Amino acid sequence: MLNVENRIQYMITFNSNVMIRNLFLLVVFLGCVSLRHVEAAIDIVPKPVKLVETDGRFDITSACSIVVNDDLKTCGELLADYLQPAMGYRLAVSSKAEKSKPAIRLSLDKSLKKLSEEAYRLEVTGQGVRIQGASEKGIFYGIQTLLQLLPVEIFQTEVQPVSWTVPGVQIEDYPRFGWRGFSLDVCRQVYSVDFIKNCIDWLAMHKMNVFHWHLTDDEGWRIEIKKYPELTRTGAWRGPNEKLQPTFCSGYYRYGGFYTQEQIREVVGYAAKRQVMIMPEIEVPGHSRAVAAAYPEILCDYIDPGKHELSQNSWCAANERGYEILGDILKEVAGLFPCPYIHIGGDEVEMEYWENCRRCTGLMKEKHFEKPAEVQNYFIHRVAELVEAAGKKMGGWSEIMDGGELPSGTVVFSWIGLDHGIAAARKGLPVVMMPGEYCYFDMGQTPLERGHYWAGMVPTEKAYAFNPLIPDSLKPAERKNVLGVEGAIWSEMMDRPAWHCEYQMFPRLCVTAEIGWTPQEQREWTDFKGRLDRSHYMRLYQKGIRFRVPFPEVTYQNGVLTAAAPYSGAVIRYTADGNEPTCFSPLYTGEIETEQPENYRFKTFFTPHWGSIAVGIEKYLHPEMKVTTTIDAHPKCPAQLLADGNEKTFFRSNRRVKDGDTVLFEFEKPLDCRKITIKSGAYQTSHYIITHAIVEISTDGERFIRSGWFDAEGDSEVICTVPIKALRIVFTEPQYEERLVLQDLKIE
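None of these values were measured; they are calculated from a predicted model.

## Here's the deal with the side chain of asparagine 209
Its location among the elements puts asparagine 209 in the loop between helix H5 (193-205) and strand E9 (210-214). By relative accessible area, which is 9% here, asparagine 209 ends up buried.

Structure, rendered in structure tokens:
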């Protein structure tokens, strides 16, 4: 794991010497917002099926050993690996030990298979710990529970001065579903091998067993295919001099990368030791611009004259050369992943290319197809044959059900609500439930935070409410076709800050883990939240995960500001000058009387170094204004929407912004305000932002002076010392992306 201190930046840097700085931080750390002391509590996530607390306890010391059968030696060594960094010593792993000696004993009990192949029992007494598993998988999950029974410091990577006491318990545990997955898009943003391994560790910690690796999309091809080297030579990169243009804030430079086959084998092996299966996704027939950049012969023979030459992103359904290339690709992919499935995508296909392609229209005539959805079904069946020839089974997104029946055994990943999943289960097809409104963690968690919002906001409590088996929706025999549940992150909005992917994952990934493992009748939000608040947030922190800290709920009524704590014992600090609170800001202790609530900002601090976003009472002016621009606007998003006072509307360009373009805001009356914030990009994202522009203001509407520029987030702040009549954005270079989005001015 990455060292926590390397990953968390101090908010304030002192110019004094390091010793004084650290001493001062220690005073704050111990006196106010320290690493919260976690009392001994049995707060396991996901919640076990059966847990009974017993008298007694067991202290793990250097005299303790790990006793295993020969066939569990790998599990024993892995347990020793888990314990060594924080304990400072390595427990011996042996196949024999005297019964009187303190030990952690691992053994198989095949009778547990009647519960699940992943079932385990764990018992802690004064003499030691015993973990029995139905299989090696069960032993592994018992180990994960043992780690959560230990003090939270066990997840640290450096030696901790802690007594390693395990409370007395008897646990019998097994999963509700066999498929407990997480999908990560590595195409829009590229993630290192180390980060992928971190993700696998986080899944394993929560008893999740599938990592769905989305390896190809319009924005990049991320897997080495030796027979077709151009896929990674050309298709893995985007930039101003590349065939793939900059997008999703990759910047005006060469951006990209890919995983070599050697790296993939390394990651697959790493995951297997942690009982995580990796399922690759090779997206077809749509979302394939990266393939087209490398091998344009896979495309239809129709090019839309009104679009960029590389706008087409769908495989031709009637091109035999395309099937030949795809078959070769799938064979290489199959050889890298032991997983029995290959996910082939199948969503959001732009079928108009098929409707205008000479070959595809000929196919439709030959096969008597009446609609392009039938062409997709034909394509999916052809791909299923290629997947089967590679020795695998096929999985795909909801849309693969459109246009006709699917081959037997095809796994449907239901992301557009639950209807496709229910329909598939009724037809006897295996299903993984992952509807966006509950399971897509790229969705924003509140209106104040970054993220997509097309599936609505997905706060942790809403995600926890999801039940993959809706009562009365399926018959008992059909319910067995629901393999499980999967969370997902699509990485369009994960470009910055560097830890934003972790922020979006946690604690929502903990939710998916519990949905997949714990019986529905034992799940309850208040109980889950209590386990998070008391213990599990601290485990995540000790493990170095930059999770989302809940922010205070701020209200203003009758001249009084109130900040409600998001959890028991939360430390809240505030400022009264509009700046973001730091660990040295005043501690919030109760109601604040003020006539200027908009000047206050509040923030939850989990530690001095890590906290929530800053929040307050937003109070903006909405003056009458006229907005004009030289930029061609999208018909549904004209510039005048920036003057309607509705923060949900926005301006969107219909082309790439050029050097010399302008956007002009003319106020009906001179505007007397303190500050104007200009925000660009889709709401709460850094997609379609301003990259090269200046801001000018005018007191008379005729003569303008430069007053600001735009930061890396595509935003600008203008401090107003005199009333202004107009504000103008002047673009100084072509923008990186093909579109631009501007939001309403925030005028204070």
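Now that the structure is up, let's keep going.
## Here we look at the sheet that holds strand E21 (residues 560-564)
Reading across from one edge, E20-E21-E23 is the order of the 3 strands in this open sheet, with antiparallel pairing throughout. The open sheet has two free edges, formed respectively by strand E20 (553-557) and strand E23 (592-593), since each of these has just one partner strand. Where E21 and E23 come together, 2 bridges link them in antiparallel fashion. Counterpart to leucine 561 in the pairing with E23 is isoleucine 592.

## Focus: the nonpolar core
With 175 residues, the main nonpolar core has Leu184 and Trp213 as its most contacted residues. Setting aside anything within four residues of it in sequence, one finds tryptophan 213 in contact with Leu184, Val186, Ile196, Tyr259, Ile264, Val267, Ile278, Met279, Pro280, Glu281 and Phe337. Leu642, Ile678, Ile724 and Leu740 belong to the second largest nonpolar core, which has 29 residues in total.

## Section: the packing of aromatic side chains
Counted according to the given criterion, the structure contains 34 aromatic pairs. Residues tryptophan 397 and phenylalanine 413 carry aromatic rings whose centres are separated by 6.1 Å and whose planes lie at 70 degrees to one another, so their mutual orientation is edge-to-face. Here tryptophan 397, found in strand E16 (residues 393-397), pairs with phenylalanine 413, found in strand E17 (residues 411-414); they are 16 residues apart in sequence, far enough to count as distant. Geometrically, the ring pair formed by tyrosine 537 and phenylalanine 547 is stacked, given 5.1 Å between the ring centres and 15 degrees between the ring planes. Here phenylalanine 547 lies in the loop between helix H19 (525-542) and E20 and tyrosine 537 lies in helix H19, a separation of 10 residues in the sequence. For the pair shown, tyrosine 537 and phenylalanine 547 are each scored as buried. Through successive ring pairs, a cluster of aromatic residues spans Trp179, Tyr341, Trp397, Phe413, Trp415, Tyr440, Trp454 and Trp490.

## Here we look at the sheet that holds strand E29 (residues 675-679)
With antiparallel pairing, the 3 strands of this open sheet are ordered in space as E32-E29-E35. The open sheet has two free edges, formed respectively by strand E32 (715-719) and strand E35 (746-747), since each of these has just one partner strand. As paired elements, E29 and E32 share 5 bridges and run antiparallel to each other. Of the residues in E32, the one forming a bridge with isoleucine 678 is serine 716.

## Quick look at the state of the cysteines
Applying the stated criterion across every chain, the model contains 0 disulfides. In this structure cysteine 300 is not part of a disulfide, and its nearest cysteine sulfur, from cysteine 357, lies 3.7 Å away. Residue cysteine 316 stays outside any disulfide, its sulfur separated by 3.7 Å from that of cysteine 360, the closest cysteine. The class of cysteine 316 is buried, set by a relative accessible area of 2%.

## Thoughts on the confidence of the model for the protein
A residue-level look at the protein finds 93% of positions with pLDDT of 70 or above and a mean pLDDT of 92. Between residues 1-39, whose pLDDT stays under 50, and residues either more than four places distant or in other chains, the model counts 72 contacts.

## Brief notes about the pairing of strand E33 (residues 724-731)
When you tally the buried positions in E33, you get 6 out of 8 residues, the bulk of the element. One ladder, built from 6 bridges, connects strand E28 (residues 662-671) with E33; its direction is antiparallel. Counted as the bridge partner of glutamate 666 is alanine 726 from E33. Two elements, strand E30 (residues 693-698) and E33, share 6 bridges in a ladder whose sense is antiparallel. Among the inter-strand pairings, isoleucine 694 is bridged to a residue of E33, identified as valine 730.

## Remarks on helix H4 (residues 136-149)
Helix length check: H4, at 14 residues, gives a terminal C-alpha distance of 20 Å against a target of 20 Å (1.5 Å per residue), a fit within 8%. By the burial criterion, the buried members of H4 are Gly138, Ile139, Phe140, Tyr141, Gly142, Ile143, Gln144, Thr145, Leu146, Leu147, Gln148 and Leu149. Measuring from the backbone nitrogen of lysine 137 back to the side-chain oxygen at the start of H4 gives 3.2 Å, which picks out serine 135 as the cap.

## What to know about the environment of glutamate 486
Relative to the helices and strands, glutamate 486 is located in strand E19 (residues 482-489). If we skip the residues at most four places from it in the chain, glutamate 486 touches Trp179, Gly181, Phe182, Ser183, His212, Phe413, Val432, Met433, Met434, Cys439 and Thr512. Among the polar contacts listed, one links the side chain of glutamate 486 to the side chain of tryptophan 179, at a separation of 3.0 Å.

## Topic: the pattern of salt bridges
Tallying each qualifying case throughout the model produces 43 salt bridges. Among the salt bridges present, the one from arginine 496 reaches glutamate 713, with a minimum N-O distance of 4.0 Å. Of the two residues, arginine 496 sits in the loop between E19 and helix H17 (500-505) while glutamate 713 sits in the loop between strand E31 (705-709) and E32, which places them 217 residues apart along the sequence. Since its relative accessible area comes to 21%, arginine 496 is described here as partly exposed. With a shortest N-O distance of 3.8 Å, glutamate 748 and lysine 675 are connected by a salt bridge.

## Let's talk about the side chain of aspartate 43
Looking at the secondary structure, you find aspartate 43 in the loop between helix H2 (18-31) and strand E1 (50-59). Aspartate 43 sits in the buried class, given a relative accessible area of 3%. Here the side chain of aspartate 43 touches arginine 534 through a polar contact of 2.8 Å, side chain to side chain. Separated by 2.7 Å, the side chains of aspartate 43 and serine 535 make a polar contact.

## Some words on the packing of helix H11 (residues 358-367) against helix H12 (residues 372-389)
Running from N to C, H11 and H12 cross one another at 90 degrees; their axes reach a closest spacing of 11 Å. As judged from the angle between their axes, H11 and H12 are roughly perpendicular. Across the interface between the two elements, Leu363, Met364 and Lys367 from H11 touch Pro372, Val375 and Tyr378 from H12. For the contact of H11 with H12, a count of residues per class yields 5 nonpolar, no polar and 1 charged.

Cut-offs and rules
- Residues numbered from 1 in each chain as written.
- Predicted model: local features only at pLDDT ≥ 70, side-chain atom pairs only at ≥ 80, totals over all residues.
- Heavy atoms only, no water.
- Helix = DSSP H or I, 4+ residues; strand = E, 2+ residues; numbered from the N terminus.
- Buried < 20%, exposed > 50% of the residue type's maximum accessible area, 1.4 Å probe, protein only.
- Pairing = 2+ DSSP bridges.
- Core = buried A, V, L, I, M, F, W, Y, C linked by side-chain atoms within 4.5 Å.
- Contact = heavy atoms within 4.5 Å.
- Phe/Tyr/Trp six-rings, centres within 6.5 Å; stacked < 30°, edge-to-face > 60°.
- Disulfide = S-S within 2.5 Å.
- pLDDT = per-residue confidence, 0-100.
- Expected span 1.5 Å × (residues − 1).
- Polar contact = N/O pair within 3.5 Å; in protein donor to acceptor, adjacent residues only side chain to side chain.
- Salt bridge = Lys/Arg side-chain N within 4 Å of Asp/Glu carboxyl O.
- Axes fitted to C-alpha atoms, helices over the stretch in contact; angles between N-to-C directions.
- Parallel < 35°, antiparallel > 145°, perpendicular 65-115°, else oblique.
- Nonpolar A, V, L, I, M, F, W, Y, C, P; charged D, E, K, R; others polar.

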